[in-house]
Amino acid sequence: MSRAFCIPGIVFLVAALVLSFLVSVSLPFLPALDIVRTNFQGGVQQGAIGTVQTRLGIWSACAYDTHGSRTCLKTGHAYTFEIDRDLQKSKVAIVKASWTRGLAVHPVATAAIFIALLLSFSTHLTATLLASLMSFLAALLTLIAFAIDIALFALVRHAMNGLDIGANTNTAPGFWMTFVTLILLLLAGCTVCFGRRNDRMSGATSSYPMSSTGGGFLSRFRKN
């Protein structure tokens, strides 16, 4: 593949891989990279110490108290998270496992990006075609993951607002890193595709050299 297209394509894929990998690790291993975050103005009484913030990641959800300490659910795929308005459980916000199960698409997309990156190092036309296709496949998986993130955000916001305690639910860093990853993958796929097209055109041009006309215009009038 042409160097002018090869290097930018690899750079886009490397950046996308790093972002996607970090998002896939998520809570509780990387506390700052959650998907949805809710702040409670007055706090939610969950025992002796009130909860002022909750964070939902791919593998777990964590609640933060007024002292900054956090309590996380057992790490695992498809977790269920709930939070009570008060000790009497007059109102409860619940996020069921069916809404968090789809978050596992994130690491699947990361694996697809890794394969696309490996293929992009090859200069063979078939490998570059596969790299382009894998980049678009990874973009599709990332788009699905981003759609799941949006659905989770909408659900959590609706559930937390139902507590009627002034909850403020927002998208977290992991949400926007997924969006940036999607843009990078689309750019990488297009760049690799254009590089392959450029190579094919260059090969076609070199395989049909122009024949010489030896003699010019006057040679037509020469006698045999």
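Computed from a prediction, not measured in an experiment: that's the story for all the values here. (Residues numbered from 1 in each chain as written. Predicted model: local features only at pLDDT ≥ 70, side-chain atom pairs only at ≥ 80, totals over all residues. Heavy atoms only, no water.)

Considering the overall build of the protein
- Along its length, the protein carries five helices and seven strands.
- Counting over 224 residues, the protein shows a buried share of 42%.
- Taking as baseline every contact in the protein between residues at least 6 positions apart, the subset at least 24 positions apart corresponds to 64%.
- For the protein, the accessible surface area stands at approximately 12100 Å², while carbon and sulfur atoms represent 65% of it. (Helix = DSSP H or I, 4+ residues; strand = E, 2+ residues; numbered from the N terminus. Buried < 20%, exposed > 50% of the residue type's maximum accessible area, 1.4 Å probe, protein only. Contact = heavy atoms within 4.5 Å. Areas by Shrake-Rupley, 256 points an atom, 1.4 Å probe, with all protein chains shown as cover.)

Side note on the state of the cysteines
- Within this structure, the stated rule accounts for one disulfide.
- Paired by a disulfide, Cys 62 and Cys 72 hold their sulfur atoms 1.9 Å apart. Here Cys 62 and Cys 72 share a disulfide; its torsion about the S-S bond, 100 degrees, makes the bridge right-handed. Here Cys 72 lies in strand E4 (residues 70-72) and Cys 62 lies in strand E3 (residues 61-65), a separation of 10 residues in the sequence. (Disulfide = S-S within 2.5 Å.)

Some remarks on the packing of helix H3 (residues 105-120) against helix H4 (residues 125-161)
- Contact geometry of H3 with H4 gives a least axis separation of 8 Å together with a crossing angle of 160 degrees. In terms of orientation, H3 lies roughly antiparallel with respect to H4. The handedness of the crossing between H3 and H4 is left-handed. Residues Val 105, His 106, Val 108, Ala 109, Ala 112, Ile 113, Ile 115, Ala 116, Leu 119 and Ser 120 of H3 touch H4, and the partners they reach there are Ala 127, Leu 130, Ala 131, Met 134, Ser 135, Ala 138, Leu 141, Thr 142, Ile 144, Ala 145, Ile 148 and Asp 149.
- Looking at the contact of H3 with H4 residue by residue, the class counts come to 17 nonpolar, four polar and one charged. (Axes fitted to C-alpha atoms, helices over the stretch in contact; angles between N-to-C directions. Parallel < 35°, antiparallel > 145°, perpendicular 65-115°, else oblique. Left-handed = near helix turned anticlockwise from the far one by under 90°. Nonpolar A, V, L, I, M, F, W, Y, C, P; charged D, E, K, R; others polar.)

Quick notes on the UniProt feature "transmembrane region" (unreviewed entry) in the protein
- According to UniProt, the feature "transmembrane region" (unreviewed entry) maps to residues 103-121, 133-155 and 175-194 in the numbering used here.
- Along residues 103-121 one finds 84% helix and 0% strand; the C-alpha atoms at either end are 30 Å apart.
- Helix makes up 100% of residues 133-155 and strand 0%, with an end-to-end C-alpha separation of 33 Å. (UniProt positions renumbered as here; feature names shortened; annotations may be inferred.)

Observations regarding the environment of Cys 62
- A residue is classified by how much of its surface remains accessible, and Cys 62, at 0% relative accessible area, is buried.
- The sequence separation of Cys 62 and Arg 37 amounts to 25 residues, and the corresponding C-alpha distance is 9.7 Å.
- Excluding its chain neighbours within four sequence positions, the residues that come into contact with Cys 62 are Leu 27, Pro 28, Gln 53, Thr 54, Arg 55, Arg 70, Thr 71 and Cys 72.

Let's talk about the packing of aromatic side chains
- Under the counting rule described, the total for this entry stands at four aromatic pairs.
- On the basis of an interplanar angle of 50 degrees and a centroid distance of 4.9 Å, the ring pair of Phe 146 and Phe 175 is categorised as tilted. Taken together, the residues Phe 146 in helix H4 and Phe 175 in helix H5 (residues 173-206) connect sequence positions 29 residues apart. A single burial state applies to Phe 146 and to Phe 175, both of which are buried. (Phe/Tyr/Trp six-rings, centres within 6.5 Å; stacked < 30°, edge-to-face > 60°.)

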